[in-house]
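# Close look at the chain arrangement
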Number of protein chains: 2
Amino acid sequence: MAYSSKLLERAVEQFSTLPGIGRKSALRMALYMLRQPRENVELFASSLVSLANNVKHCKVCNMVSDEDRCPVCQDPRRNHSLICVVESARDVLSIENTQIYNGLYHVLGGIISPMDGVGPSDLTIAELEKRIEDGGVKEVVMALSTGMEGETTAYFLYNRLKKYDIKITTIARGVAFGDDLEYTDELTLAKSIENRQPFKF
Amino acid sequence: MAYSSKLLERAVEQFSTLPGIGRKSALRMALYMLRQPRENVELFASSLVSLANNVKHCKVCNMVSDEDRCPVCQDPRRNHSLICVVESARDVLSIENTQIYNGLYHVLGGIISPMDGVGPSDLTIAELEKRIEDGGVKEVVMALSTGMEGETTAYFLYNRLKKYDIKITTIARGVAFGDDLEYTDELTLAKSIENRQPFKF
């Protein structure tokens, strides 16, 4: 596309680097920015720069944080003997959103993926072991994605952690609320029957 | 959602102001930014700030431009007697993309919409009349959106421009390439029959 303005073109290019944003949406965003007061655009830009420059990762769980230790790890009301292992910061936010989980987290920072060149040493597995060795951990619950890479990572983690005297669990798989049985894949349906629970009301 | 980081939260808030971006996509974008090298984030931010601070509007056609006159208005090879009236800069880029149009543009900067409080005086209609009065214009083709607001604007423009000795046209409406007749709305189908063209191959 031929742009009438290099400045516009450059902004569109930048927007189209964002995940899930194509050329058309990027143009829409750049033109939207053009219609905003200058202060708003500067606020937008400065919030990104300060995110990039000032954000840290929690030294305990590797979660995105403003301080050396994230609010969850600092909270004395949380159950410090339970660690939920997740792939990314996004998963932590999703689980926090349920308001049901009271333990701590451990963000691996990825998933074992030979295709993408991500091996176990690229993840924070050694840090997780260190936390267990420091004592006080009773259970590690793995909340990793399904699919080959997630299963591989879970299996690898299990092999590394089984030497410790802790419980190793994984989140339940089953038919989601609102899903029809007839449209549920066989693997999920099979798992949900296998792991059936006492009926509660 | 409770964020572990105020910086992250602020970036998510900023991303979610963008058109078509909800909370989840905004979080995805903010976390994506976190994974980028600092220079990239700064480049992103500075491209937005310089867009907001330095971009101009062409003094002739009101198109987004780096200079006082946009490249289209400056181009002597274009047909300066033909002006295509559009709502926004995005429409200019869409038409330029077809590589079929060789005239100039006039960007209204909106569409008459009493609901949104946009009246004729908010648009660059006086500037369009000035261009016609300056002479040399032979035809104005209106490329406005269909729907009530587009039709109102076209009708208003027609009434304002009919006193000049120029041709006033509007882009053809019809069945789009690849569309099935059975799924085409009646209005479009009727228009496309009414405005039938000699068969060419």
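This text gives an overview of the structure that appears in the document. Along every chain, residues carry numbers that run from 1 in the direction the sequence is written. Chains and ligands are labelled by the order in which they are written, letters from A for the one and numbers from 1 for the other. In keeping with the model being predicted, local features are shown solely for residues with a pLDDT of at least 70 and side-chain atom pairs are shown and tallied solely at 80 or more, while totals for entire chains, interfaces and linings include all residues. To get the side-chain values, take all heavy atoms of the structure and skip hydrogens and water.

Here the focus is the sheet that holds strand β4 (residues 103-107) of chain B. All names here are of chain B. Paired strands are those between which DSSP finds at least two bridges. In DSSP terms, a helix is any run of H or I states spanning at least four residues, a strand is any run of E spanning at least two, and both are numbered starting from the N terminus. Ordered by their spatial adjacency, four strands build an open sheet running β4-β3-β5-β6, and the pairing between neighbours is parallel. In this open sheet, the two edge strands, each paired with only one partner strand, are β4 and β6 (167-170). On average, adjacent strands in this sheet sit at an angle of 25° to one another, irrespective of strand direction. Here strand β3 (residues 79-86) pairs with β4 via five bridges, running parallel. Counted as the bridge partner of V86 is V107 from β4. Axis definition: a line fitted to C-alpha atoms, limited for helices to the stretch in contact. Angles are taken between N-to-C directions and run from 0 to 180 degrees.

Before going further, it helps to examine the interface of chain B and chain A. The contact criterion used throughout is that any non-hydrogen atoms of two residues lie within 4.5 Å. Every contact between the two is made by 50 residues of chain B and, on the other side, 50 residues of chain A. By buried area we mean the combined loss of accessible area, with a 1.4 Å probe, across both parts when two parts are placed together. When chain B packs against chain A, the two sides together hide about 5,000 Å² of surface, and 73% of this comes from carbon and sulfur. In terms of surface lost to chain A, no three residues of chain B exceed S4(B), L7(B) and L93(B), which account for 13% of the buried area on that side. By salt bridge we mean one thing: a side-chain nitrogen of Lys or Arg within 4 Å of a carboxyl oxygen of Asp or Glu. Counting every contact that joins chain B to chain A gives zero salt bridges. Whenever a nitrogen or oxygen atom comes within 3.5 Å of another N or O atom, the pair is scored as a polar contact, on the condition that within protein one atom can donate a hydrogen and the other can accept it, and that pairs from neighbouring residues in sequence are kept only if both atoms are in side chains. At the junction of chain B with chain A, the criterion picks out eight residue pairs in polar contact (both at pLDDT 80 or more). The set of elements that each furnish at least two residues to the side of chain B that touches chain A consists of α1 (6-15), α2 (23-35), α3 (38-54), β2 (64-65) and α5 (89-98) of chain B. With 15 residues, α3(B) is the single largest residue contributor to the side of chain B that touches chain A. Throughout this entry, Asp, Glu, Lys and Arg are counted as charged residues, while Ala, Val, Leu, Ile, Met, Phe, Trp, Tyr, Cys and Pro are counted as nonpolar. The remaining residues, Gly among them, count as polar. Residue classes in the side of chain B that touches chain A are distributed as 31 nonpolar, twelve polar and seven charged.

All names here are of chain A. One open sheet accounts for four strands, arranged β4-β3-β5-β6; its pairing is parallel. The strands lining the two open edges of the sheet, one partner per strand, are β4 (103-107) and β6 (167-170). Neighbour-to-neighbour, the strand axes of the sheet open up by a mean angle of 25°, direction not taken into account. Contacts between helix α5 (residues 89-98) and the sheet are confined to β3 (79-86) and β4, with β4 contributing the most and set at about 160° to the helix. Most of the contacts of helix α6 (residues 125-133) go to β4, to which it runs at about 150°, and overall it touches β3, β4 and β5 (139-142).

Between helix α2 (residues 23-35) of chain A and α5(B), the least distance of the axes is 10 Å, while the angle of their chain directions is 145°. Crossing of α2(A) over α5(B) shows right-handed handedness. Residues L27(A), R28(A) and L31(A) of α2(A) form the contact with α5(B), whose participating residues are A89(B), R90(B) and L93(B). Looking at the contact of α2(A) with α5(B), its residues break down into four nonpolar, no polar and two charged. Left-handed is the label given to a crossing in which the near helix is rotated counterclockwise from the far helix by less than a right angle, and right-handed is the label when the rotation is clockwise.

Before going further, it helps to examine the packing of aromatic side chains. Two rings from Phe, Tyr or Trp (for Trp, the six-membered ring) form a pair when their centres sit within 6.5 Å of each other. Planes less than 30 degrees apart are called stacked, planes more than 60 degrees apart edge-to-face, and all others tilted. The tally for this structure, following the rule as stated, stands at four aromatic pairs over all chains. Their ring planes at 80° and their centres at 5.4 Å tell us that F44(A) and F15(B) sit as a pair that is edge-to-face. Of this pair, F44(A) sits in helix α3 (residues 38-54) while F15(B) sits in helix α1, on two different chains. Take F44(A) and F15(B): they sit in the same class, and that class is buried. Relative accessibility thresholds used throughout: buried, under 20% of the residue-type maximum; exposed, over 50%; partly exposed, between the two (1.4 Å probe, protein chains only).

All names here are of chain B. Direction vectors running N to C along α1 and α2 enclose 125°, while the axes themselves pass 8 Å from each other. The orientation of α1 relative to α2 falls into the category oblique. The hand of the α1/α2 crossing is right-handed. Here α1 contributes L8, A11, V12, E13 and F15 to the contact with α2, which in turn contributes R23, A26, L27, M29, A30, L31, M33 and L34. Partitioning the contact of α1 with α2 into residue classes produces eleven nonpolar, no polar and two charged. In what follows, roughly perpendicular refers to angles from 65 to 115 degrees, roughly parallel to angles under 35, roughly antiparallel to angles over 145, and oblique to any angle outside these ranges.

Before going further, it helps to spend a moment on the side chain of T124(A). All names here are of chain A. Along the chain, T124 falls in the loop between β4 and α6. Of note is the side chain of T124, whose polar atom sits 2.9 Å from the backbone oxygen of V107. Once you skip the residues sitting within four places of it in the chain, T124 turns out to touch N62, H106, V107 and L108.

Each helix should span, by expectation, one fewer than its residue count multiplied by 1.5 Å. With 13 residues, α2(A) should cover 18 Å at 1.5 Å per step; its first-to-last C-alpha distance of 19 Å lies within 8% of that length. Among all positions of α2(A), only A26(A), L27(A), M29(A), A30(A), L31(A), Y32(A) and M33(A) are buried. For α2(A), the secondary structure elements touched by its buried residues are α1 (6-15) and α3 of chain A together with α2, α3, β2 and α5 of chain B.

When the copies are superposed, the least-squares fit takes in the C-alpha atoms of residues with a pLDDT of at least 70 in both. Taken as rigid bodies, chain B and chain A are interconverted by a rotation of 180° and an axial shift of 0.0 Å, the fit giving an RMSD of 0.1 Å. Here the symmetry operator amounts to a two-fold rotation axis. Nearest to the rotation axis, the C-alpha of A45(B) is located 2.2 Å from it, this being the minimum over chain B. In this assembly, 100% of the residues forming the interface of chain B have copies in chain A that are likewise at the interface, indicating an isologous arrangement.

A separate point is the nonpolar core. L8(A), F15(A), L8(B) and F15(B) are the most contacted members of the largest nonpolar core, which totals 82 residues. Sequence-distant contacts of L8(A), defined by excluding residues within four places in its chain, comprise Y3(A), L27(A), A30(A), L31(A), L34(A), L51(B), V64(B) and L93(B). Joining through side-chain atoms within 4.5 Å is the link that ties buried Ala, Val, Leu, Ile, Met, Phe, Trp, Tyr and Cys residues into a set, and such a set is a nonpolar core.

So, about the pairing of β5(A). Residues and elements named next belong to chain A. With four bridges joining them, β3 and β5 adopt parallel strand pairing. When the sheet's bridge partners are listed, C84 is paired in β5 with V141. Bridge count between β5 and β6: four bridges; the pairing is parallel. For E139, the partnering residue across the bridge sits in β6 and is K167.

None of the figures reported here should be taken as evidence of function without further support.
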